[in-house]
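Here are the chains, one letter per residue:
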Amino acid sequence: MATSTINTGSLLAIDIGTASTRALLFDVVSGHYRFLASGTAPSTVVAPFFNVGEGVRRAIDNLAKATGRRLIGSDENLIMPGLADNSGVDALVATMSAGKPLKVVAVGLLEDITLASARHLAATTYAQVVDVIKLNDRRQTSDRINTIMQIRPDLVIVAGGTDDGASQSVLDLIEAIGLASYLSPETQSPHILFAGNQEIQTEVRSVLEGVGKLHIAPNIRPTLNLETISPAQRELTAIYKRVRNAQIGGIGDLLSWSGDNLTPTAVAFSRVIRFLSKKYDPDKGVLGVDVGSQSTTVAAAFDGKETLRVYPYLGVGTGSVRTLQKSKLDGIIRWLPFDTSNDAVQDYIYNKEIHPHSLPVTRKELAIEQALARQALLLAVRRSLPDFPAGSARPAPDLLPWVEPIIATGSVFSKAPSPGQALLMLLDGIQPTGVTTIVVDQNNLSSALGAAARINPLLTVQVIESSTFLNLGTIIAPVGYARFGTPILRVRMTNRAGVETTRKVRYGMIEVLPVKMGEKVKLHLRPLHQFDVGMGGPGKAGEVTAVGGAAGIVIDARGRPLRLSQDPKRRKHLTRKWYHALEAKG
Amino acid sequence: MLAPVKHISPLTLIQRERVLPIPGRVVARQGQAVSPTDVIAEYVLAPKYFILDIAEGLNVAPDKADKLLQCHKGDNVSKGDVVAGPAGLFQRVVRAPFSGQVKLAGDGKMLIEAFVSPVELRAGLDGTVTRIIPDWGVIIETRGALLQGVWGNGKMTYGLMQLLLESPDDELRAGQIDISVRGTIGVGGYCRDPQVLQNAAKAPVKGLILGSMSADLLPIAAKLPFPVMILDGFGQMPMNSAAYKLLNTTTKDRNVSLHAQAYQASKGERPEIVITLPVPEHIEVLLEADEFAAGQKVYLVNKSYSAQTGIIKRILSKPFKFPSGIIALAAEVSLENDELVKVPLACLESFGEKTSQETY
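What you see is a predicted model, and the numbers here were worked out from it, not measured in a lab. (Residues numbered from 1 in each chain as written. Chains lettered and ligands numbered in written order. Predicted model: local features only at pLDDT ≥ 70, side-chain atom pairs only at ≥ 80, totals over all residues. Heavy atoms only, no water.)

K.L.:
Please set out the overall build of chain A residue by residue, giving values where relevant.
P.N.:
What chain A contains, in helices and strands, is 16 helices and 22 strands. For a compact globule of 586 residues, the expected C-alpha radius of gyration is about 25 Å, and chain A comes in at 25 Å, within 12% of that figure. With the principal axes as the frame, chain A shows a C-alpha extent of 75 × 65 × 50 Å. For chain A, buried positions account for 60% of its 586 residues. Expressed as a percentage of contacts within chain A between residues at least 6 apart in sequence, the contacts between residues at least 24 apart total 68%. Counting every atom, chain A has about 22,300 Å² of accessible surface; 49% of that belongs to carbon and sulfur. Across chain A, the 64 positively charged side chains and the 52 negatively charged ones have centroids separated by 8 Å. (Helix = DSSP H or I, 4+ residues; strand = E, 2+ residues; numbered from the N terminus. Rg over C-alpha atoms; globule rule 2.2 N^0.38 Å. Buried < 20%, exposed > 50% of the residue type's maximum accessible area, 1.4 Å probe, protein only. Contact = heavy atoms within 4.5 Å. Areas by Shrake-Rupley, 256 points an atom, 1.4 Å probe, with all protein chains shown as cover. Lys, Arg positive; Asp, Glu negative; His and termini not counted. Charge placed at Lys NZ, Arg CZ, Asp CG, Glu CD.)

What follows is the structure, given as structure tokens:
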């Protein structure tokens, strides 16, 4: 589809999630693109429909009801382009996260180098590496074939050999891939993405072309010290579309309507984060997190360089039991502000996986679901930290780099009963450092905007600038450790009228500065005891302009990384205290 | 709004698609009467391959080895058959290490696919094969009672059922599992004691149907050699009244097909019990997809509602705020004790019975 920077048409974005399918309408209002409305329906990827079409149709119908705009014509097709009577839309883009993660076999020479890059590539979409083949793999070729035939992967990613580097070793590794592809029936033959030594492309083609669905991408590890994922990621997205089209009914129609513009939700989300990183402070990165029913996505970008990690089966619905298994029960229970039995929490999470669409009815149930979200987020962010660019400034290697803003999406945040609850989940799970802003994508627009950027970048820019995200507040999170109750930060706040207030913040507390939504204030921050607020080093003071959000301006003085008390009684007491500090405002 | 469906019906037409995960061979015939344990199709899950290094075996160069091949692509070989040679002074030969088929031969190597026993797919219920799906499986039809659950350990059986509960909220105790339940499918309420499962394995029972179970016991239940099915969920809750009534009346002392397959929403597969009954020729099929509507019989899934059932009185016109603070589309449901409760639509499942009421 042609890319245009000036496109005044309306746009319909379809997002197919594990639980819900959403139709989002964007159009020009008073000369600027705006988000108009959304329609939601349960996703119909699974039984009894096995076709995304029914969910898409219902979501569009609900959108049409909400807007009064006719979107489906008498021929039962989407009206596109839009008509003079304001019916229909001019373009459609689609994003998708539903469906089982792609089963991937990663092939590379060395575990820490090319194989790591192959894993990183797989982690940029909804995929799970189920086996690896590497140089020091002791299995014989026939055993490798048997493994592949048993796993029946959707995709084999072959990395290996820097450019001008190893060649025969790579060709030896792919022998089993070629034979397994040859032996597989056409419908079960995996896609093979070769993203290794470009010098042996011809040999790779001669081995794999004709026996498998071969795709060639630029080397993801052209030199030992350089990883370049993006070009291969585009090819991976194309493969994702083909696999989903073969697996799920109705995708073909969606591809046809959208002019092949179907993007994995995480990739589209990452595109928005990359865009924002170019817009904001180049010294800091931008972080995006998306906690879904089945998976959690972490997207970070530092001056246009992105890191995208998708964690399938780390979610709060269909992924809830796996989240529990990866965390152990204590990892969930530690976030709860009340006494409960281990069995009750475990049983709730298992029931949630059976009924992923169900909603928490009581406060205790809500607290368990929010604890699950915190833990999914914490695990995802922690696992992503080593993959952020080496040059990204951060207070310590095991802490989050300085980022601003942080964008959070997912219904666990957007449907939280109060902004304070959403914010506390994000503070606990992400543990931001220094001064930042946390916003919630309350209408879950990010991925749609990322997908739209390909055909209408102006729309993406203008909608992002139209306050569509809910600013939860400016966050000040001093880094360091002290005894509980020790003063660690002096804050002097000056409002627009010039009125000054000062506050001494003690370690272990969350304090809220009562600043109204959108109100700008000047903050003079003086960290004590060598705490670091990102003003140039530990103990350094500085001044920032901060904007009040839905939860005001929040000082999270609990230290980094956050250490919860080992004493359950004290931990619950503090958890309640933090909750009330934010809930009172939020 | 679309409603998920859970079937609990004393009398219905049941059609089940039984298909292989990958293409294979269908052995059942159209019109064939099948019992739950009858094999209806089979497939080779993962063929075993072996690469023979012919050149090394004959101690010759690969191109020479190719000229000494006795078998070629497509040939079947038996274990011990000479596949290449003889060569050299000592008349070296290479023999097939197992029975199979030659898939490739050349460059001094031979790839053989071993013959392996196929995996069998069983009918899972009493009924008649009404349609063959070539290479994939069959559709089986029967009439009777149908009861779906939420968890199964992947096994199936057929046998006489024995009730081990007197009321829906009874807990199944280890002492109840003795020699008297041997060879039957035991039906209990809530289970939290691992000894219950151990006694069931010792008896042994033919199967176990539980109203609910502590999630702690899942690792044990998953490994039991007989089918275990959970009807309502994890943690203590009474067995849903519709299931209790059905098991206590319609199906008492009857043979049942217990298909404790894993619950896979993505495939539309739920663990289920089917009791074939002599019923009239014309009987309605339950809906597989439904829409929420007033007058509809529903099942409440959230544990707070303890697996109760009720009738939707009305769908609320505006989203409702629940004690958790969550605001959601909701329905007013009349429970069996006539209590009216507001429930998020997301916490309801339809029984899939046809209703003439207006949908929402």
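Structure shown, so let's carry the discussion forward.
K.L.:
Describe the overall build of chain B, with residues and values.
P.N.:
When you go through chain B residue by residue, the secondary structure sums to five helices and 29 strands. Here the C-alpha radius of gyration of chain B, 27 Å, is well above what a compact globule of 360 residues would show, namely 21 Å. Here the C-alpha coordinates of chain B stretch approximately 95 × 50 × 50 Å along the principal axes. Out of the 360 residues in chain B, the part that is buried amounts to 51%. Residue pairs in contact within chain B that sit at least 24 positions apart in sequence constitute 63% of those at least 6 positions apart.

K.L.:
Describe the domain arrangement of chain A, with residues and values.
P.N.:
Think of interface size as the accessible area that goes away when the parts come together; that is how it is often given. All names here are of chain A. Segmentation of chain A into domains returns domain 1 (11-98 + 250-259), domain 2 (102-241) and domain 3 (268-583). Across the boundary between the two partners, domain 1 contributes 18 residues, which contact 20 residues of domain 3. Between domain 1 and domain 3 lies a buried interface of about 1,500 Å² when both sides are counted; carbon and sulfur atoms form 70% of it. Put simply, domain 1 and domain 3 have zero salt bridges between them. Our count for the domain 1 to domain 3 interface comes out at four residue pairs in polar contact (both at pLDDT 80 or more). Of all the secondary-structure elements, those providing two or more residues to the side of domain 1 that touches domain 3 are strand 1 (11-16), strand 2 (20-29), strand 3 (32-42) and strand 4 (91-96). (Domains from an automatic or database assignment. Buried area = accessible area lost by both parts, 1.4 Å probe. Salt bridge = Lys/Arg side-chain N within 4 Å of Asp/Glu carboxyl O. Polar contact = N/O pair within 3.5 Å; in protein donor to acceptor, adjacent residues only side chain to side chain.)

K.L.:
So what's going on with the pattern of salt bridges? Residues and values would help.
P.N.:
All names here are of chain A. All told, the structure shown has 36 salt bridges over all chains when counted by the stated rule. Between Glu111 and Lys134 there is a salt bridge whose closest N-O contact spans 2.9 Å. Within this pair, whereas Glu111 is found in the loop between strand 5 (102-107) and helix 2 (114-122), its partner Lys134 is found in the loop between strand 6 (127-133) and helix 3 (141-151), the two being separated by 23 residues in sequence. With relative accessibility at 22%, the residue Lys134 sits in the partly exposed group.

K.L.:
I'd like a rundown of the sheet that holds strand 1 of chain A, residues and numbers included.
P.N.:
Residues and elements named next belong to chain A. The strand order across the open sheet built from five strands is 3-2-1-4-10, with neighbouring strands paired in mixed fashion. The strands lining the two open edges of the sheet, one partner per strand, are strand 3 and strand 10 (262-264). Between one strand axis and the next, the sheet turns through 20° on average, direction left out of account. Alignment of strand 4 against strand 10, held across three bridges, turns out to be parallel. By the bridge assignment, Ala94 is partnered in strand 10 with Leu262. Most of the contacts of helix 6 (residues 230-247) go to strand 10, to which it runs at about 105°, and overall it touches strand 4 and strand 10. The strands that helix 15 (residues 457-464) touches are strand 1, strand 2 and strand 3; relative to strand 3, the one it contacts most, it runs at about 90°. (Pairing = 2+ DSSP bridges. Axes fitted to C-alpha atoms, helices over the stretch in contact; angles between N-to-C directions.)

K.L.:
Describe the packing of helix 9 (residues 320-333) of chain A against helix 11 (residues 363-384) of chain A, and please don't skip the residues or the numbers.
P.N.:
Angle between the axes and distance between the axes: these two values describe a pair of packed helices. Residues and elements named next belong to chain A. At a minimum axis separation of 10 Å, helix 9 and helix 11 run at an interaxial angle of 100°. One finds that helix 9 runs roughly perpendicular with respect to helix 11. In this structure, helix 9 contributes Ser320, Thr323, Lys326, Ser327, Gly331 and Ile332 to the contact, and helix 11 contributes Ala371, Leu372, Gln375, Ala376, Leu379 and Arg383. Considered class by class, the residues forming the contact of helix 9 with helix 11 number five nonpolar, five polar and two charged. (Parallel < 35°, antiparallel > 145°, perpendicular 65-115°, else oblique. Nonpolar A, V, L, I, M, F, W, Y, C, P; charged D, E, K, R; others polar.)

K.L.:
Any chance you could break down the sheet that holds strand 10 (residues 100-106) of chain B for me, citing the residues and the numbers?
P.N.:
Strands belonging to one sheet form pairs held by backbone hydrogen bonds; the direction of such a pair is parallel or antiparallel. The four strands lie next to each other as 6-11-10-7 (chain B), forming an open sheet whose pairing is antiparallel. Edge positions in the sheet fall to strand 6 (48-53) and strand 7 (76-77) of chain B, since each of these pairs with one other strand and no more. Here six bridges tie strand 6 of chain B to strand 11 (residues 109-114) of chain B, and the two strands are oriented antiparallel to one another. Paired with B:Phe50 across the bridge in strand 11 of chain B is B:Ile112. Strand contacts of helix 3 of chain A: strand 6 and strand 11 of chain B, with the helix running at about 160° to strand 6 of chain B, the strand carrying the most contacts.

K.L.:
Summarise the packing of helix 4 (residues 168-183) of chain A against helix 5 (residues 201-208) of chain A; cite the residues concerned and give the values.
P.N.:
Residues and elements named next belong to chain A. Where helix 4 meets helix 5, the closest approach of the two axes is 10 Å, and the angle between their N-to-C directions is 25°. On the basis of their axis angle, the class for helix 4 and helix 5 is roughly parallel. As for the relative orientation of helix 4 and helix 5, their crossing is right-handed in sense. Contact residues: Leu171, Ile174, Ile177 and Gly178 in helix 4; Glu203, Val204 and Leu208 in helix 5. The residue inventory of the contact of helix 4 with helix 5, partitioned by class, reads five nonpolar, one polar and one charged. (Left-handed = near helix turned anticlockwise from the far one by under 90°.)

K.L.:
An account of the domain arrangement of chain B is requested, with residue identities and associated values reported.
P.N.:
All names here are of chain B. Assigned domains of chain B: these are domain 1 (2-11 + 144-276), domain 2 (48-114) and domain 3 (290-350). Averaged C-alpha coordinates put domain 1 and domain 3 at centres separated by 26 Å. Contacts between the two partners involve 19 residues from domain 1 and, on the opposite side, twelve residues from domain 3. Carbon and sulfur atoms supply 53% of the area that domain 1 and domain 3 bury against each other, a total of about 1,200 Å² over both sides. The interface formed by domain 1 and domain 3 holds two salt bridges in total.

K.L.:
Tell me about the interface of chain B and chain A, and please be specific about residues and values.
P.N.:
If you look at the interface, chain B gives 51 residues, while chain A gives 40 residues. Counting the contacts that link chain B with chain A gives one salt bridge. For A:Arg58, the salt bridge identified is with B:Glu291, shortest N-O distance 2.5 Å. Put simply, chain B and chain A have 14 residue pairs in polar contact (both at pLDDT 80 or more) between them. Those elements giving two or more residues to the side of chain B that touches chain A turn out to be strand 6, strand 10, strand 11 and strand 19 (228-234) of chain B. Here the element with the most residues in the side of chain B that touches chain A is strand 6 of chain B; it accounts for four residues. Partitioned by chemical class, the residues of the side of chain B that touches chain A number 31 nonpolar, ten polar and ten charged.

K.L.:
An account of the layout of surface pockets is requested, with residue identities and associated values reported.
P.N.:
All names here are of chain A. Considering only enclosed or pocket space, the second largest pocket measures out at about 900 Å³ in volume. Lining of the second largest pocket is provided by 33 residues; of these, Thr228, Ile229, Ser230, Gln233 and Glu306 occupy positions nearest its centre. Element by element, the count of residues in the lining of the second largest pocket is highest for helix 6, at six residues. In the lining of the second largest pocket, the residues fall into eleven nonpolar, eleven polar and eleven charged. Residue assignment places the lining of the second largest pocket across two domains, with domain 2 (102-241) and domain 3 (268-583) each supplying three or more. (1 Å grid on protein atoms, 1.4 Å probe; cavity = no way out; pocket = protein on both sides within 12 Å on 5 of 7 lines; lining within 4 Å. Points joined across faces, edges and corners; volume = space filled by probe spheres on them.)

K.L.:
So what about the packing of aromatic side chains? Which residues, and what values?
P.N.:
Residues and elements named next belong to chain A. Under the counting rule described, the total for this entry stands at seven aromatic pairs over all chains. Taken together, a centroid distance of 5.7 Å and an interplanar angle of 55° make the contact between Phe26 and Phe35 tilted. When the centroid spacing of 5.9 Å and the interplanar angle of 55° are considered together, the rings of Phe302 and Phe388 count as tilted. In this pair, Phe302 sits in strand 12 (residues 295-302) while Phe388 sits in the loop between helix 11 and strand 14 (403-409), placing the two residues 86 residues apart along the sequence. Over the face of the ring belonging to Tyr481 we find Arg563, whose NZ or CZ atom lies 3.7 Å from the ring centre. (Phe/Tyr/Trp six-rings, centres within 6.5 Å; stacked < 30°, edge-to-face > 60°. Lys NZ or Arg CZ within 6 Å of the ring centre and 35° of its normal.)

K.L.:
Break down the nonpolar core for me, citing the residues and quoting the values.
P.N.:
Residue and element names in this part refer to chain A. Counting residues in each nonpolar core, the largest one holds 88 residues, and the members touching the most others are Leu287, Phe413, Leu423, Leu426, Ile430 and Val554. Among the elements that take part in this core, helix 11 stands out by supplying eleven residues, more than any other. Leave out the neighbours within four places in its chain, and Leu423 touches Ile438, Leu472, Ile475, Ala551, Val554 and Leu582. (Core = buried A, V, L, I, M, F, W, Y, C linked by side-chain atoms within 4.5 Å.)

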